[in-house]
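# An overview of the molecular structure
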Amino acid sequence: MKAKISILFLILSLIIGYSESEIKIKNIKNVYDNLINEIPLLRFINSKEGLGYSNVLNLITGDITSDATSLDNILNTGIIFKTNKDYTYEDFLNPDYINFLNDLIINSKSIAFYNGDFDTFKEIVKGLYEYEITQDGIIINDNKYPIYRSENFIGINTLYYKPNFGINIIEGTTRNFLKKNNSWDFYINNENKSLNAKFYSDTYQDLNLKFDIKTVENYKFFGDILYFHKMQKNQFISYIQEFFVPYEKEDLIFFDLIESMISSEEFLAVDSKSMINNYDSSIFVVSDINTKSIEDYMGFRNIEPKRLGTYDFALITNQNNGDKIYIYYSKDDMIITTLSPETMKVNLGEVQRFKYTKKFKALKKHENLNRAILIDFERYLNKKFYGNLYSYLVSEFYYDENGSYNIDVALK
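All of these numbers come straight from a predicted model, not from anything done at the bench. Per chain, residues are indexed from 1 in the order of the written sequence. Two thresholds apply to this predicted model, a pLDDT of at least 70 for residue-level local features and 80 or more for giving and counting side-chain atom pairs, whereas whole-chain, interface and lining totals are computed over all residues. Processing note: side-chain calculations cover all non-hydrogen atoms of the structure and skip hydrogens and water entirely.

### Quick word on the overall build of the protein
- When you go through the protein residue by residue, the secondary structure sums to 14 helices and 20 strands.
- The cut-offs for exposure are 20% and 50% of the maximum accessible area for each residue type, with area from a 1.4 Å probe on protein chains only; residues under the lower value are buried, those over the upper are exposed, and the others partly exposed. Across the 412 residues of the protein, 50% fall into the buried class.
- Within the protein, residue pairs in contact and separated by at least 24 positions form 68% of the contacts whose partners lie at least 6 positions apart.
- For the protein, the exposed surface amounts to about 19,900 Å²; the carbon and sulfur share of it is 46%. Helix numbers and strand numbers start at the N terminus; a helix is a DSSP run of H or I with at least 4 residues, a strand a run of E with at least 2. Contacts were defined at the residue level, with two residues in contact if any of their heavy atoms lie within 4.5 Å. For the area figures, the Shrake-Rupley method with a 1.4 Å probe applies, and any residue is considered shielded solely by the protein chains shown.

### So, the side chain of asparagine 182
- Relative to the assigned elements, asparagine 182 resides in the loop between β8 (170-175) and β9 (183-190).
- Of note is the side chain of asparagine 182, whose polar atom sits 3.2 Å from the backbone oxygen of threonine 203.
- Setting aside residues up to four positions removed in sequence, asparagine 182 forms contacts with Thr174, Arg175, Asn176, Phe177, Ser201, Thr203 and Tyr204. Polar contacts, as counted here, are pairs of nitrogen or oxygen atoms within 3.5 Å of one another; within protein the pair requires one atom able to donate a hydrogen and one able to accept it, and residues that are adjacent in sequence qualify only if both atoms are side-chain atoms.

### Observations concerning the nonpolar core
- Within the largest apolar cluster, 60 residues are counted, with the highest numbers of intra-cluster contacts made by Ile170 and Ile407.
- In terms of nonpolar packing, the next biggest core, distinct from the first, is built from 28 residues, Val216, Tyr219, Ile335 and Val394 among them. Nonpolar core, defined: a set of buried Ala, Val, Leu, Ile, Met, Phe, Trp, Tyr and Cys residues in which side-chain atoms within 4.5 Å join the residues together.

### Concerning the pairing of strand β12 (residues 266-273)
- With respect to burial, β12 is a largely interior element, six of its eight residues being buried.
- Pairing between strands is defined by DSSP: at least two bridges between them are needed. Sheet analysis places strand β11 (residues 225-232) next to β12, joined by eight bridges and oriented antiparallel. By the bridge assignment for β12, tyrosine 227 is matched with aspartate 271.
- Examined bridge by bridge, β12 and strand β13 (residues 281-286) share six bridges and lie antiparallel to one another. The residue of β13 that forms the bridge with serine 272 is serine 282.

### Quick word on helix α9 (residues 236-243)
- Listed as buried for α9 are Phe236, Ile237, Ile240 and Phe243. Buried positions in α9, seen along its axis, are confined to an arc of 125 degrees and lie on one side of it.
- In this structure, the buried side of α9 is in contact with β11, α10 (252-261), β12, β13 and β17 (333-337). What the arc covers is the set of directions going from the helix axis to the C-beta atoms.

### A few points about the side chain of serine 391
- Take serine 391: it is sitting in the loop between α14 (378-385) and β19 (392-399).
- The exposure class of serine 391 is buried, given its relative accessible area of 0%.
- Looking at serine 391, its side chain comes within polar contact range of the main-chain oxygen of lysine 412, at 2.4 Å.
- Among residues more than four places away in sequence, those in contact with serine 391 are Leu41, Ile375, Asp376, Phe377, Glu378, Leu381 and Lys412.

### Topic: unusual backbone geometry
- Located in the positive-phi region is lysine 193, a residue other than glycine, with phi close to 60 degrees.
- Tracing the chain through its elements places lysine 193 in the loop between β9 and β10 (195-201).
- Here asparagine 368, not a glycine, exhibits a phi torsion of approximately 55 degrees, which is positive.
- Within the element layout of this structure, asparagine 368 appears in the loop between α13 (358-362) and β18 (371-376).
- Since its relative accessible area comes to 41%, asparagine 368 is described here as partly exposed.

Such coordinate-based values are descriptive only and should not be taken to indicate function.
See the structure below:
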């Protein structure tokens, strides 16, 4: 079950890394009440149809001997983790939150807990993870860490220091967030039953290739995972060679041909992937297309192009080995894909135009985007869990007016 759940967040590994992190949770109970129980996708995963942690927590709290007031007080407490481990964004939004919290405890160099009820604290930690706790220490993975206590504080490997919680449910700082050793700040909140997160850096630098996503609002994009990004033409061949794996050596000539068809030196590309299988892959190229080069080549090879809607198309790879890759092209754009003409006919006929989708409407920023990632979980949840839940994730990457790099995330 955990392996299935983790696939939901696989694409999020595009946004990688926590190093020298400080993760501050202002109120533990608020995380459960306002994120896990309020966000539809997380609530579904928490239910018995998902990981079933709602039942687990009920059993654990039922075994605790502390009174309800003590339990409520300790859960309405702030906690600060300091760790050197690199946690990926996939880890941080992992719906298997009990496992993630355990990993965070194991790898933290210090934990500051702003409540002094040691007996209730000990019962909860032992109930969840079965760590051995004494009056002055805790044993984790055969390592003993000192515990420092006062009336309103329990510190694991740290003395008391004044908390500096902000207004957010979860917030903190980190380095190496996009693998370039920059400093980042982040915060996570609930906004209208959507998990909203912002990550921002004053020092991160990326190729400042901007696009307006409204230019493709009338397109029909299919696939569970869509990745929008501006590309330079001289990078395209190496990119599609990595995207379509495996392929035959004989297919390399077709990749050269595809590059020659693109008229623009910079263009918007939209990658499409399925969460159900690894086979369905497509790249949409939004650029003026030189159709004459492929028509001349196909004429030379006696390949007859076929027609599907507004697109001409042809099979461009070896028909006997590797994945079949088709090209669908018009003068305004082209689609390089593993999808058969039969599947494409259905997609082009039945898929909504982009501007009518909930994912498009969830985008807060349309202009001057650097990248965007949109994930639709509905098909995956229906197929793997028989769950009837519409859920999506939207991530927008951009530079703000002050030159800071921002990543805005909404999980509905």
